[in-house]
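# Coordinates in review
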Amino acid sequence: GATAFVAAPPARAATALCASHGKRGFKKLSLPADQRKALLRSLTTETIRHGRITTTHTRAKEVQKHVDKMITLGKRGDLHARRQ
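A few points on the structure. Per chain, the residues get numbers from 1 upward, laid out in the order the sequence is written. Totals for whole chains, interfaces and linings use all residues, but because this is a predicted model, local features are given only for residues with pLDDT of at least 70 and pairs of side-chain atoms are given and counted only at 80 or more. Note that the side-chain values use all heavy atoms of the structure and ignore hydrogens as well as water.

## A word on the nonpolar core
The following threshold applies: We define the nonpolar core as a collection of buried residues of types Ala, Val, Leu, Ile, Met, Phe, Trp, Tyr and Cys that are connected through side-chain atoms lying within 4.5 Å of one another. With a 1.4 Å probe rolled over the protein chains alone, any residue whose accessible area is under 20% of its type maximum counts as buried; one over 50% counts as exposed, and the rest are partly exposed. Where helices and strands are cited, they refer to DSSP runs of H or I of at least four residues and of E of at least two residues respectively, numbered from the N terminus. Contacts between residues were defined by any pair of non-hydrogen atoms, one from each residue, lying within 4.5 Å.
Leu-29, Leu-39, Leu-40, Leu-43, Val-63 and Val-67 together form the largest nonpolar core, which totals six residues. When residues of this core are traced back to their parent elements, those giving at least two are helix 1 (33-50) and helix 2 (57-76). The element that contributes the greatest number of residues to this core is helix 1, accounting for three residues. Not counting residues up to four positions away in its chain, the partners in contact with Leu-43 are Ile-53, Thr-55, Arg-59 and Val-63.

Set out below in structure tokens:
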């Protein structure tokens, strides 16, 4: 009988491994570093105190990361977490 020839799948491009270049762990929010830090601190504090805030969607997504970290530190409650 005839033998079927199955081609190997194409090799992945080398550039696929470098997809994280140029990416940051945070958004700049069009603010200088000191203003961005102060904004995120105040929004985080208000979120923890009142449970909700009124802000833009982009800012809320950035604040969510900080609030989650603060809640985790509060749950741990050990000395190292309190000093953070």
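## Some points on helix 1
Note the cut-off: A helix is expected to span 1.5 Å multiplied by its residue count minus one. Here, the arc refers to the directions that run from the helix axis to the C-beta atoms.
Here helix 1 spans 26 Å end to end across 18 residues, near enough to the 26 Å set by a 1.5 Å rise per residue. Those residues of helix 1 lying buried are Arg-36, Leu-39, Leu-40, Leu-43, Thr-44 and Thr-47. The arc that holds the buried residues of helix 1, viewed along the axis, is 130°, so those residues lie on one side. Relative to its buried face, helix 1 has exposed residues pointing more than 90 degrees away, namely Asp-34, Lys-37, Arg-41, Arg-49 and His-50.

## Quick notes on the packing of helix 1 against helix 2
Here is the rule we go by: Think of each axis as a best-fit line through the C-alpha atoms, taken over the contacting stretch in the case of a helix, with angles from 0 to 180 degrees between the N-to-C directions. We call two directions roughly parallel when the angle between them is under 35 degrees, roughly antiparallel when it is over 145, roughly perpendicular when it lies between 65 and 115, and oblique otherwise. A crossing counts as left-handed when the near helix is turned anticlockwise from the far one by less than a right angle, and as right-handed when that turn is clockwise.
Remark: helix 1 packs on helix 2, axes separated minimally by 9 Å, with the N-to-C direction vectors making an angle of 65°. With respect to their mutual orientation, helix 1 and helix 2 come out roughly perpendicular. Viewed along their axes, helix 1 and helix 2 form a crossing whose handedness is right-handed. Counted together, Leu-39, Leu-40, Leu-43, Thr-44, Thr-47 and Ile-48 of helix 1 and Arg-59, Glu-62, Val-63, His-66, Val-67 and Met-70 of helix 2 form the full contact between these two elements.

Read these as geometric descriptors, not functional statements.
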